[in-house]
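# Geometric and topological summary
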Amino acid sequence: MCEVCQRVILRKGFRSPQDYLDCLSYLQELIDSGDFELESGTCDLDKVKGPDGCWMDDMIGHVIRCRSCRQAFTCSACTYRGGGSFRKGR
Ligand SMILES: [Zn+2]
C-alpha cells in the first residue's frame, strides 16, 4: 500500500442503491485522477443500469488498481439481495 492507496475510502457496505452509485462515482474519480486504472468489471462503470433503469446484473463488480503500487481494490454489489462493499484486494 502506497500513500495514494492509504487515502482511499473503503466501504463495509452500502446503505442504499444510491449509496452504491455514489461509490461507483468515487471509483470513476479515482480513475480520472490518474492514480488508478480499471482492471476489470462486469460492465462499464457508468453502465450498471440499462436504458430501462434496471441493474445490468444481479452481481456487479469492478476492480481498480493503483498505478503506483499495483494494489487492487474491489467494489462489488449484489443488486438482487442488496449488500456489497468496496474493499482492498480482489
Ligand atoms: Zn498504491
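Here's a quick rundown of the structure. (Residues numbered from 1 in each chain as written. Predicted model: local features only at pLDDT ≥ 70, side-chain atom pairs only at ≥ 80, totals over all residues.)

What follows covers helix α2 (residues 17–32). Over its 16 residues, α2 runs 23 Å from end to end, which matches the ideal 22 Å to within 8%, given 1.5 Å per residue. Within α2, burial applies to Y20, C23, L27 and L30. Summarising the axial view, the buried residues of α2 lie within an arc of 65 degrees, below the 170-degree limit, and thus occupy one face. Turned more than 90 degrees off the buried face of α2, the exposed positions are Q18, S25, E29 and D32. Tucked into the core, α2 has its buried residues touching β1 (36–41), β2 (59–66), β3 (72–78) and β4 (84–88). One or two positions beyond α2, positive phi appears at G34, with a value near 90 degrees. (Helix = DSSP H or I, 4+ residues; strand = E, 2+ residues; numbered from the N terminus. Expected span 1.5 Å × (residues − 1). Buried ≥ 20, exposed ≤ 12 C-beta atoms within 10 Å, placed from the backbone. Arc of directions from axis to C-beta. Contact = placed C-beta atoms within 7 Å.)

Our next topic: the nonpolar core. Core analysis: the largest hydrophobic core is formed by 13 residues, its most contacted members being C23, L27 and I64. Elements with a minimum of two residues in this core: α2, β2 and β3. Broken down by element, this core gets its largest block of residues, 4 residues, from α2. (Core = buried A, V, L, I, M, F, W, Y, C linked by C-beta atoms within 7 Å.)

Now for the environment of D19. In this fold, D19 is placed in helix α2. Since 13 C-beta atoms lie within 10 Å of it, D19 is described here as partly exposed. Spatially, the C-alpha atom of D19 lies 20 Å from that of L38, the residues being 19 residues apart in sequence.

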